Amino acid sequence: QTIFLKDYQVPDYLIDRTDLTFDLDPQATLVKSRLQVRRNPAADASGDLPPLWLDGVDLELLSVAVDGELLPAQRYSEQTDGLLLTVDKESFVLEVQTRIAPESNTSLEGLYLSNGMYCTQCEAEGFRKITFYPDRPDVMSVFTTTIVAPATYPVLLSNGNKIDSGTTEDGRLCVTWEDPFAKPSYLFALVAGDLQFVEDHFTTSSGRKVTLQLFTEPKNIGKTAHAMESLKKSMKWDEEVYGREYDLDIFMIVAVDHFNMGAMENKGLNIFNSACVLASPETATDAAFQRIEAIVAHEYFHNWSGNRVTCRDWFQLSLKEGFTVFRDAEFSADMNSRGVKRIEDVTLLRTAQFAEDAGPMSHPVRPDSYMEISNFYTLTVYEKGAEVVRMIHRLLGAEAFRRGSDLYFERHDGCAVTCEDFVAAMEDANGADLTLFRRWYSQGGTPVLDVEDKYDAEAQEYHLTIRQHTPDTPGQTDKQPLHMPIAVSLLGADGRELSLDQEASIERVLHLTEATQTFTFADIPERPLPSLLRGFSAPVKLRYRYTSDQLLFLMQYDTDSFNRWDASQRLAFEALEQLQRAYRAGGEMQAPEALLQGLSAVLENTQLDPALVAKMLTLPSPQELAEHGDAIDAQAIVAARVFVRDSIAKALASRFLKRYQSLDQRKPYQPVAEDIAERSLKNTCLSYLCATGSADALALAESQFMRKENMTDVAAALAALIEFGPADQAEEHLESFYQQWQQDTQVVETWFGLQAGSANYGTLGRVRELMSHPAFEFTNPNKVRAVVGGFAMRNFAQFHQEDGTGYEFLAEQVIALDKLNPQIAARIVTPLTRWRKYRTLEAEQIRSALQRVSDSGELSRDLYEVVSKALEN
Ligand code: ARG
Ligand code: ZN
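The structure contained in this document is the topic of the report that follows. Here the structure is a predicted model, which is why all the values come from computation and not from measurement. Residue numbers run consecutively from 1 along every chain, following the written order of its sequence. To read the labels, note that chains go from A and ligands from 1, taken in the order they are written. It should be noted that, the model being predicted, local features are given only for residues of pLDDT at least 70 and side-chain atom pairs only at 80 or more, the latter also being counted only at that level, while totals for whole chains, interfaces and linings use all residues. No hydrogens and no water enter the side-chain calculation; it runs on all heavy atoms of the structure.

**Some details on the overall build of the chain**
So, point 1. In DSSP terms, a helix is any run of H or I states spanning at least four residues, a strand is any run of E spanning at least two, and both are numbered starting from the N terminus. The helix and strand tally for the chain stands at 28 helices and 32 strands.
So, point 2. Just to be clear, the radius of gyration here is over C-alpha atoms, and the globule rule we use is 2.2 Å times residues to the power 0.38. Taking 2.2 N^0.38 as the reference for a compact globule, 873 residues should give roughly 29 Å; the C-alpha atoms of the chain span a radius of gyration of 28 Å, in line with that estimate.
So, point 3. Considered along the principal axes of its C-alpha atoms, the chain spans approximately 85 × 65 × 60 Å.
So, point 4. Across the 873 residues in the chain, those meeting the buried criterion constitute 59%.
So, point 5. By definition in these notes, contact holds between two residues if any of their heavy atoms fall within 4.5 Å. Counting contacts in the chain only where the partners sit at least 6 residues apart, residues at least 24 apart contribute 70% of the total.
So, point 6. On the chain, roughly 32900 Å² of surface is accessible, and the fraction owed to carbon and sulfur atoms is 48%.
So, point 7. Between the mean site of the 84 positive side-chain charges and the mean site of the 128 negative ones, the chain shows a separation of 2 Å. Any residue under 20% of the maximum accessible area for its type is buried, any over 50% is exposed, and the rest in between are partly exposed; the area is computed with a 1.4 Å probe on protein chains only. Areas reported here follow the Shrake-Rupley algorithm with a probe of radius 1.4 Å; residue values treat only the protein chains shown as occluding. His is not counted, nor are the chain ends, whereas Lys and Arg count as positive and Asp and Glu as negative. The atom standing in for a charge is NZ when the residue is Lys, CZ when it is Arg, CG when it is Asp and CD when it is Glu.

**Some words on the sheet that holds strand 6 (residues 69-70)**
So, point 1. Strand pairing is assigned whenever DSSP detects at least two bridges linking the two strands. Pairing is mixed across the open sheet formed by eight strands, whose spatial order is 6-5-9-3-2-12-15-14. Every interior strand has two partners, whereas the edge strands, strand 6 and strand 14 (161-167), have only one.
So, point 2. Of the strand pairs in this sheet, strand 3 (residues 29-39) and strand 9 (residues 91-100) are connected by ten bridges, and their pairing is antiparallel. Among the inter-strand pairings, Ser33 is bridged to a residue of strand 9, identified as Val96.

**Things to note about the coordination of the zinc ion (ligand 2)**
So, point 1. All of the protein donors around the zinc ion (ligand 2) are His298 (NE2), His302 (NE2), Glu321 (OE) and Glu321 (OE); their distances to the metal are 1.9 to 2.7 Å.
So, point 2. Metal donors were taken as nitrogen, oxygen and sulfur atoms no farther than 2.8 Å from the ion, or 3.2 Å where the ion is Na, K or Ca. Water is excluded, so coordination may look unfinished. Any site counts as irregular unless it has four donors with all angles between 85 and 135 degrees, making it tetrahedral, or four or six donors with opposite ones more than 155 degrees apart and the rest between 65 and 115, making it square planar or octahedral. The coordination sphere of the zinc ion (ligand 2) comprises six donor atoms, whose angles at the metal cover 46 to 160 degrees; the geometry is irregular.

**Brief notes about the pattern of salt bridges**
So, point 1. We define a salt bridge as a side-chain nitrogen of Lys or Arg found within 4 Å of a carboxyl oxygen belonging to Asp or Glu. For the coordinates displayed, the defined rule picks out 75 salt bridges.
So, point 2. Glu526 is paired through a salt bridge with Arg496; the nearest N and O atoms lie 3.5 Å apart. Here Arg496 lies in the loop between strand 27 (484-491) and strand 28 (497-498) and Glu526 lies in the loop between strand 30 (516-521) and strand 31 (529-531), a separation of 30 residues in the sequence.
So, point 3. Residue classification places Glu526 among the partly exposed residues on the basis of a relative accessible area of 23%.
So, point 4. Two residues, Lys682 and Asp664, come together in a salt bridge whose shortest N-O distance is 3.8 Å. With a gap of 18 residues between them, Lys682 in helix 16 (residues 673-691) and Asp664 in the loop between helix 15 (653-663) and helix 16 connect regions that are remote in the sequence.
So, point 5. When salt bridges that share partners are traced, they join Asp664, Arg666, Lys682, Arg707, Glu709 and Asp713 into one network.

**So, the pairing of strand 10 (residues 110-114)**
So, point 1. Burial within strand 10 is extensive, with four of its five residues counted as buried.
So, point 2. Bridging between strand 10 and strand 11 (residues 117-121) involves five bridges; their strand directions are antiparallel. Residue pairing across strands places Ser114 opposite Met117, the latter belonging to strand 11.
So, point 3. Here strand 10 folds back onto strand 11 in antiparallel fashion, the turn holding two residues, of which Asn115 has a positive phi close to 45 degrees.

**Some words on the nonpolar core**
So, point 1. Leu94, Phe422, Met484, Phe521, Ile648 and Leu832 are the most contacted members of the largest nonpolar core, which has 274 residues in total.
So, point 2. Counting residues per element, this core draws most heavily on helix 18 (residues 711-724), which supplies nine residues.
So, point 3. Leave out the neighbours within four places in its chain, and Ile648 touches Leu595, Leu596, Leu599, Leu619, Ala653, Phe656 and Tyr688. Working definition of a nonpolar core: buried Ala, Val, Leu, Ile, Met, Phe, Trp, Tyr and Cys residues. They are joined through side-chain atoms within 4.5 Å.

**Quick look at the environment of Arg564**
So, point 1. Here Arg564 lies in helix 10 (residues 561-584).
So, point 2. Separated by 180 residues in the primary sequence, Arg564 and Asp744 place their C-alpha atoms 40 Å from one another.
So, point 3. In contact with Arg564, other than residues within four places in its own chain, are Leu554, Met555, Gln556, Tyr557, Asp558, Asn605, Leu608 and Met616.
So, point 4. Residues adjacent in sequence count toward polar contacts only when both atoms are side-chain atoms; beyond that, a polar contact is any pair of N or O atoms within 3.5 Å, and within protein one must be able to donate a hydrogen and the other to accept it. A distance of 2.8 Å separates the side chain of Arg564 from the backbone oxygen of Met555, its partner in a polar contact.

**Describing helix 12 (residues 610-617)**
Each α-helix turn comprises 3.6 residues. Residues three or four places apart therefore point the same way.
So, point 1. With respect to burial, helix 12 is a largely interior element, seven of its eight residues being buried.
So, point 2. As for helix 12, its buried residues are in contact with helix 4 (338-357), helix 9 (548-557), helix 10, helix 11 (593-604), helix 15 and helix 16.
So, point 3. One side-chain oxygen at the N-terminal end of helix 12 lies 2.9 Å from the backbone nitrogen of Ala611; it belongs to Asp609.

**Quick word on the packing of aromatic side chains**
So, point 1. Two aromatic rings, drawn from Phe, Tyr or Trp (for Trp, its six-membered ring), form a pair once their centres lie within 6.5 Å of each other, and the interplanar angle then sorts them: stacked below 30 degrees, edge-to-face above 60, tilted otherwise. Summed over all chains, the structure comprises 43 aromatic pairs.
So, point 2. Residues Phe127 and Phe188 carry aromatic rings whose centres are separated by 5.4 Å and whose planes lie at 75 degrees to one another, so their mutual orientation is edge-to-face. Taken as a pair, Phe127 in the loop between strand 11 and strand 12 (141-149) and Phe188 in the loop between strand 15 (173-183) and strand 16 (190-193) lie far apart in primary sequence, 61 residues in all. Across the pair, Phe188 and Phe127 agree in class, each one buried.

**Some details on the side chain of Glu627**
So, point 1. Within the fold, Glu627 resides in helix 13 (residues 622-628).
So, point 2. Not counting residues up to four positions away in its chain, the partners in contact with Glu627 are Arg350, Thr351, Phe354, Ala355, Ala358, Lys541 and Lys837.

**Some words on the sheet that holds strand 32 (residues 541-543)**
So, point 1. Spatial strand order, 30-26-25-32: four strands in an open sheet with mixed pairing. Bordering the open sheet on either side are strand 30 and strand 32, each of which pairs with just one other strand. Direction aside, the axes of adjacent strands within the sheet are offset by 20 degrees on average.
So, point 2. Sheet topology note: the strand 25 (residues 448-456)/strand 32 ladder contains three bridges and is parallel. Note that in strand 32 the partner of Leu449 across the bridge is Leu542. Helix axes are fitted to C-alpha atoms over the stretch in contact, other axes to C-alpha atoms as well, and angles between N-to-C directions run from 0 to 180 degrees.

**Details of the pairing of strand 18 (residues 209-216)**
So, point 1. Taking burial as the measure, the eight residues of strand 18 include seven buried ones, the bulk of the element.
So, point 2. Relative to strand 18, strand 17 (residues 196-203) runs antiparallel, the two being bridged by eight bridges. Bridge pairing in strand 18 places Thr203 opposite Lys209.
So, point 3. The loop that links strand 17 with its antiparallel partner strand 18 comprises five residues; one of these, Gly207, has a positive phi angle of about 95 degrees.
So, point 4. Direction of pairing for strand 18 relative to strand 19 (residues 250-256): parallel, over a ladder of five bridges. Paired with Gln213 across the bridge in strand 19 is Met252.
So, point 5. Seen with its strands pointing away from the viewer, a crossover is right-handed when the path leading from the first strand over the helix to the second is clockwise. Each parallel crossover has a hand, and for strand 18 linked through helix 1 (residues 225-242) to strand 19 it is left-handed.

**A closer look at the environment of Leu111**
So, point 1. Looking at where Leu111 falls in the secondary structure, it is placed in strand 10.
So, point 2. On the accessibility criterion, Leu111 (3% relative accessible area) is buried.
So, point 3. Along the sequence, Leu111 and Gln121 sit ten residues apart, while their C-alpha atoms lie 6.8 Å from each other.
So, point 4. Among all residues touching Leu111, those that are not within four sequence positions of it are Phe22, Leu24, Thr29, Ile100, Pro102, Asn105, Tyr118, Cys119, Thr120, Ile130 and Leu190.

**Some remarks on the site of ligand 1**
So, point 1. The criterion for a residue being near a molecule or strand is simple. One of its heavy atoms has to lie within 4 Å of it. Taken together, 16 residues form the shell around ligand 1, and within it Glu123, Glu265, Glu299, Glu321 and Tyr382 come nearest.
So, point 2. Contact between ligand 1 and Lys320: a nitrogen atom at 3.4 Å from a side-chain N or O atom of the residue.
So, point 3. Between ligand 1 and Tyr382, the relevant distance is 2.5 Å, taken from an oxygen atom to a side-chain nitrogen or oxygen of the residue.
So, point 4. Computed on the free molecule, ligand 1 has an accessible area of 350 Å², of which 96% lies beneath the protein chains in the complex.
So, point 5. Breaking the shell around ligand 1 down by element, the ones donating at least two residues are strand 20 (263-264), helix 2 (286-301) and helix 3 (317-335).

**Looking at unusual backbone geometry**
So, point 1. Between Glu123 and Ala124 the backbone carries a cis peptide bond, its omega angle lying at -5 degrees.
So, point 2. If you trace the backbone, Ala124 turns up in the loop between strand 11 and strand 12.
So, point 3. Positioned with a positive phi, Asn115 is a non-glycine residue whose angle comes to about 45 degrees.
So, point 4. Relative accessible area serves as the criterion here: at 42%, Asn115 is assigned to the partly exposed category.
So, point 5. One non-glycine residue with positive phi stands out, namely Asp523, at about 55 degrees.
So, point 6. Here Asp523 is to be found in the loop between strand 30 and strand 31.
So, point 7. The exposure class of Asp523 is exposed, given its relative accessible area of 64%.

**Brief notes about helix 20 (residues 745-756)**
So, point 1. Here, expected helix span is obtained from the residue count minus one, scaled by 1.5 Å. Its twelve residues place the ends of helix 20 17 Å apart at the C-alpha level, agreeing with the 16 Å of an ideal helix rising 1.5 Å per residue.
So, point 2. With respect to burial, helix 20 is a largely interior element, ten of its twelve residues being buried.
So, point 3. Inspection of helix 20 places Thr745, Gln746, Val747, Val748, Glu749, Trp751, Phe752, Leu754, Gln755 and Ala756 among the buried residues, and these make up the whole buried set.
So, point 4. Where helix 20 is buried, its residues contact helix 18, helix 19 (727-741), helix 21 (764-771) and helix 22 (781-794).

Written as structure tokens, this is what we have:
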């Protein structure tokens with residue numbers, strides 16, 4: 001049941017209008033659909049009229065009628081995944097009635113209930129769980145939606161504008177919505193509940209006054225201000241940077257507690273995971289505030305990159321996701337610290353996307369086959385896809401890129417198109433040639449660049465030779481060279497940048513297009529130190545033999561803040577890898593002197609952005625170290641990391657204290673870049689201080705915890721206390737924290753996550769206890785991600801305990817989850833799919849846990865795809 005891109009065919013029939021009526025009931029919602037069907041003029045018109053295929057899953061079919069006549073049974077056949085109708089005319093009205101049970105829908109796809117409120121998630125293929133329909137993005141239709149519900153559901157929402165509302169004879173409410181923009185079924189949304197809302201307005205550059213509404217359950221209405229601000233900033237930014245205006249009179253956001261992903265860009269009615277939209281200073285950390293700003297922007301930006309111009313088929317997913325992630329990243333960079341945003345994004349890419357690219361589910365940005373599309377909402381499609389767009393931006397320049405995006409939106413408005421169309425628009429608007437560049441869409445795997453240099457003092461020339469190769473990935477061998485921008489700068493001995501051409505442009509972007517290429521720089525008066533791949537200008541692994549002294553120099557002087565940080569990471573990697581070797585050989589562990597020296601200088605430098613300092617002080621995660629190595633010994637990674645952390649903590653203790661004290665200036669909380677930066681460094685210092693176990697340090701953490709100034713500081717203090725403090729006190733703090741916040745879903749999720757992800761505290765026993773805590777809910781993905789995910793994905797030390805019980809536990813949870821929510825099961829199994837990365841002992845344990853999942857009975861298509869590919873590759 002594998003689907004291939006090469007098999008794509010245009011739809012046989014189009015649906016010009018879709019009129020839906022929902023009669024809501026938890027166990028028996030009646031869905032009436034009335035479709036205006038027309039033969040697709042673009043389809044092969046030879047021969048008889050082909051049958052009409054309508055996707056449908058878990059539906060109870062009540063009736064089918066064509067042009068008002070009930071259809072006899074021999075005219076259609078019901079199959080497990082849809083309905084096949086014989087057709088005898090070019091165009092007709094099809095009416096289908098189905099019954100569904102939202103209350104029993106734990107997959108959180110289609111129409112379901114979350115805390116008593118009805119909501120939908122249709123992307124990618126959830127609409128087929130609502131009614132029979134050609135559930136594919138290249139069928140675009142104008143929708144009207146009528147919702148009938150008891151008066152206990154006063155808020156009834158769908159896409160577009162409200163055109164009618166009233167009461168039925170039996171006292172139920174009835175509302176009709178119309179969305180004037182033709183859209184694919186995946187953008188359909190419906191919400192019904194006893195909700196409150198806040199309202200604001202935005203006037204577009206052409207003068208359209210748009211009403212903005214944000215709906216939540218009553219208890220959460222006080223947590224909406226930040227999302228509303230973020231929305232207004234996003235609307236303005238998209239006008240300024242992309243010339244994109246909003247197109248309806250109303251834009252609505254709804255927060256729901258049960259949601260598989262972050263959020264969804266349904267036309268005019270975005271639906272959000274509560275954790276990605278609700279925030280207040282007392283309950284949300286800085287990271288949550290920033291995530292909310294980014295996701296609100298992301299979903300809003302989809303109105304153009306996704307909705308007005310959508311995907312022809314799901315292989316093109318990165319067309320909208322890669323582009324929209326690039327757009328939201330640039331927005332966040334403009335709203336906050338550009339350098340720090342880049343560091344965060346690259347960290348995610350290197351940790352998780354590189355691992356995906358090297359694992360059994362490896363696929364190109366535009367996959368060429370899949371079994372279950374839900375499994376391809378991946379870091380590769382999203383984050384690497386965004387890097388591909390960023391490279392186009394870098395290769396063409398900002399202005400040319402804008403010309404390209406203008407042409408793209410103009411040319412394809414109202415259409416379902418392909419990644420190829422996007423690249424073609426970029427070319428056509430600029431007379432550019434991206435022929436070679438296109439390989440980024442079809443070729444998977446992470447390229448590795450080996451760089452060597454030579455300085456010719458006599459000729460005053462500097463030569464940079466770059467070799468690229470991309471390792472094989474499952475199903476793809478013999479990779480071709482890629483076209484990529486390599487931003488470089490050359491530093492002189494005093495840290496000054498050497499000018500690279502007459503126009504005194506300091507940084508230069510090299511176009512790497514061949515397997516091996518040498519670039520020559522003329523008029524270079526001294527042997528320079530190269531600053532390579534500045535701003536991480538291409539999603540690759542770059543190898544160059546920097547000495548420790550050179551890295552220390554770059555940490556101090558590189559004018560590219562990304563590379564400055566990267567130098568600190570290279571030093572840390574070197575130290576950590578050497579210490580892993582020492583640990584495995586049973587040798588002595590030596591303090592990482594160069595790293596200590598570099599970090600000490602950075603910590604002293606009060607001119608540097610504190611957020612950048614905090615990032616430099618943050619060691620690569622165990623997950624990132626695991627991605628780097630092979631035949632991994634998990635305990636060696638943990639031991640090396642603890643050793644380096646403790647060395648830093650000890651060596652720099654007085655400096656940490658000094659900076660902690662100078663940054664601990666109690667000002668009223670604001671989630672703005674400058675303050676976030678200070679808090680991040682302050683709390684990094686606090687964590688290192690506590691790592692020494694000193695009573696004074698723990699007292700500082702305790703006092704910060706008790707002051708309850710904002711969740712960022714409280715959560716950081718609590719994390720330090722449970723990681724490094726005495727167990728009995730940790731228990732007390734956790735208990736008092738829970739007592740205070742037990743009514744707040746988002747804080748309880750933080751509380752779960754802190755424990756499950758704690759190397760010291762989150763033992764398997766503890767995790768099992770958390771799962772039987774009254775606040776835990778196995779049907780809520782956020783809770784599962786906090787506890788099971790916290791343990792399996794963010795608690796390297798405990799998950800990889802040598803007895804293998806962590807792996808067995810995860811297998812057990814995956815098997816149970818698959819019965820309720822296949823999408824979540826197929827995601828949370830990820831750590832087990834990386835078994836080949838480990839040395840024999842762990843590899844066998846992990847593989848056998850995976851085998852146990854595979855043998856557990858019939859798996860969902862989602863889980864089957866991931867597990868079978870992981871066992872094979
Ligand atoms: N389009 C949504 C977003 O990125 C995500 C939808 C995820 N759906 C899914 N089935 N995985 O904003
Ligand atoms: Zn998206």
